[in-house]
Amino acid sequence: MRTLVLNAGFEPLAVVSDRRAVVLVLRSRARVLEVAEDPLVAPAGSFPRPTVILLDRYIRPNRRRPGPVSRRAVLRRDAHRCAYCGAGADTVDHVRPRSRGGPSSWTNLVACCRKCNHAKADRLLEDLGWKLRVKPGEPAWAVHPGPWDSPGQLDDAWLAYLSGVAA
Ligand SMILES: [Zn+2]
């Protein structure tokens, strides 16, 4: 299980193991914002399993080169939800189509269901009157890889804290 770490100021900073998150909390470096239903059982005892923690002090993010964009990474960032209709998504779409010069970038790629992908084809959102549900950007875990783990999958509890994260 993994825990989303928010910088003081609520900026998503990283993803760590839940054990590491509990250590941060026990050392009074962070406080728990969200917990999972099942506790974390360790030799020292049983603890509420944190899914989101907030650091007490602001850490200057170690800005590195952005992580690579891939179909899998975009689907993971968008929690496998279609950027247009919210249905389950297993394809990615170029918001500005490649045929019109749209790049394969974090800000131009979104998760998309097959139905919307087919309906949109190579048209622009303005042509269709469609809107994006969220503004696509570099996810926190791609901006700050470094010593942090990368998440296997986004936790639903994180979404409220991750929406609107841009590069
Ligand atoms: Zn859709």
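Residues numbered from 1 in each chain as written. Predicted model: local features only at pLDDT ≥ 70, side-chain atom pairs only at ≥ 80, totals over all residues. Heavy atoms only, no water.

- As recorded in an unreviewed UniProt entry, the protein chain goes by the name HNH endonuclease, listed as coming from Galactobacter caseinivorans.

**So, the overall build of the protein chain**
Okay, step 1: Within the protein chain one finds six helices and eight strands.
Okay, step 2: Listing the helices and strands of the protein chain from first to last along the sequence gives β-β-α-β-β-β-β-α-β-β-α-α-α-α.
Okay, step 3: Here the protein chain holds 167 residues, and the buried ones make up 42% of them.
Okay, step 4: Taken as a whole, the protein chain presents about 9600 Å² of accessible surface, with 50% of it coming from carbon and sulfur. (Helix = DSSP H or I, 4+ residues; strand = E, 2+ residues; numbered from the N terminus. Buried < 20%, exposed > 50% of the residue type's maximum accessible area, 1.4 Å probe, protein only. Areas by Shrake-Rupley, 256 points an atom, 1.4 Å probe, with all protein chains shown as cover.)

**Some remarks on the environment of Arg-29**
Okay, step 1: Following the sequence through the fold, Arg-29 ends up in the loop between helix H1 (18-26) and strand S3 (30-35).
Okay, step 2: Taking relative accessible area as the criterion, Arg-29 reaches 43% and is therefore assigned partly exposed.
Okay, step 3: Residues Arg-29 and Leu-55, 26 residues apart in the sequence, show an inter-C-alpha distance of 6.0 Å.
Okay, step 4: With residues up to four places along the chain from it excluded, the contact list for Arg-29 reads Leu-24, Leu-54, Leu-55 and Asp-56. (Contact = heavy atoms within 4.5 Å.)

**Focus on the nonpolar core**
Note that soluble globular proteins tend to have their nonpolar side chains buried in a common cluster.
Okay, step 1: Of all hydrophobic cores here, the largest spans 12 residues; its members are Leu-75, Cys-82, Ala-83, Tyr-84, Ala-89, Val-95, Val-110, Ala-111, Cys-112, Cys-113, Cys-116 and Leu-125.
Okay, step 2: At three residues, the largest contribution of residues to this core is made by strand S8 (residues 109-112).
Okay, step 3: Apart from the residues lying within four places of it in its own chain, the contact partners of Cys-112 are Cys-82, Tyr-84, Ala-89, Asp-90, Thr-91, Val-92, Asp-93 and Asn-117.
Okay, step 4: With nine residues, the next largest nonpolar core counts Ala-14, Val-16, Ala-30 and Ile-53 among its residues. (Core = buried A, V, L, I, M, F, W, Y, C linked by side-chain atoms within 4.5 Å.)

**Some words on the packing of aromatic side chains**
Okay, step 1: Summed over all chains, the structure comprises one aromatic pair.
Okay, step 2: Between Tyr-84 and Trp-130, the ring centres sit 5.2 Å apart and the planes meet at 50°, which makes this aromatic pair tilted. On the criterion of sequence distance, the pair formed by Tyr-84 in the loop between helix H2 (71-77) and strand S7 (91-94) and Trp-130 in the loop between helix H4 (125-128) and helix H5 (140-143) is long-range, its members being 46 residues apart.
Okay, step 3: By relative accessible area, Trp-130 is classed as partly exposed at 25%. (Phe/Tyr/Trp six-rings, centres within 6.5 Å; stacked < 30°, edge-to-face > 60°.)

**With respect to a positive patch on the surface**
Okay, step 1: On the surface, a cluster of positive charge is contributed by Arg-20, Arg-27, Arg-29 and Arg-57.
Okay, step 2: Along the chain, Arg-57 turns up in the loop between strand S6 (50-55) and H2. (Patch = residues over 30% accessible without salt bridge, like charges linked within 9 Å, V, L, I, M, F, W, Y side chains within 5 Å. Salt bridge = Lys/Arg side-chain N within 4 Å of Asp/Glu carboxyl O. Lys, Arg positive; Asp, Glu negative; His and termini not counted. Charge placed at Lys NZ, Arg CZ, Asp CG, Glu CD.)

**Let's talk about the coordination of the zinc ion**
Okay, step 1: Around the zinc ion, the protein supplies Cys-82 (SG), Cys-85 (SG), Cys-113 (SG) and Cys-116 (SG) as donor atoms, at distances of 2.3 Å.
Okay, step 2: Of note is the zinc ion, whose four donor atoms meet at the metal with angles of 102 to 115° in an arrangement that counts as tetrahedral.
Okay, step 3: Taken in chain order, the donor set of the zinc ion reads C-x2-C-x27-C-x2-C. (Donors = N, O, S within 2.8 Å, 3.2 Å for Na, K, Ca; no water. Tetrahedral: all angles 85-135°; square planar, octahedral: opposite > 155°, others 65-115°.)

**Remarks on the pattern of salt bridges**
Opposite charge on two side chains makes pairing possible when the charged atoms of those side chains draw close.
Okay, step 1: Summed over the entire model, instances satisfying the criterion amount to six salt bridges.
Okay, step 2: Linking Arg-49 and Asp-38 is a salt bridge whose minimum nitrogen-to-oxygen distance equals 3.3 Å. Of the two residues, Arg-49 is situated in the loop between strand S5 (45-47) and S6 and Asp-38 in the loop between S3 and strand S4 (40-42); the sequence distance between them amounts to 11 residues.
Okay, step 3: Asp-38 sits in the partly exposed class, given a relative accessible area of 37%.
Okay, step 4: Asp-78 is the salt-bridge partner of Arg-77, the closest N and O atoms lying 2.8 Å from each other. The pair formed by Arg-77 and Asp-78 is uniform in burial state, with each residue classed as buried.

**Focus on H1**
Okay, step 1: Within the sequence span of H1, burial applies to Asp-18, Ala-21, Val-22 and Leu-24. Buried residues along H1 cover an arc of 160° about the axis, so they all sit on one side.
Okay, step 2: In this structure, the buried side of H1 is in contact with strand S1 (2-6), strand S2 (12-17), S3, S4, S5 and S6.
Okay, step 3: Within two residues after H1, Ser-28 carries a phi angle of roughly 60°, on the positive side. (Arc of directions from axis to C-beta.)

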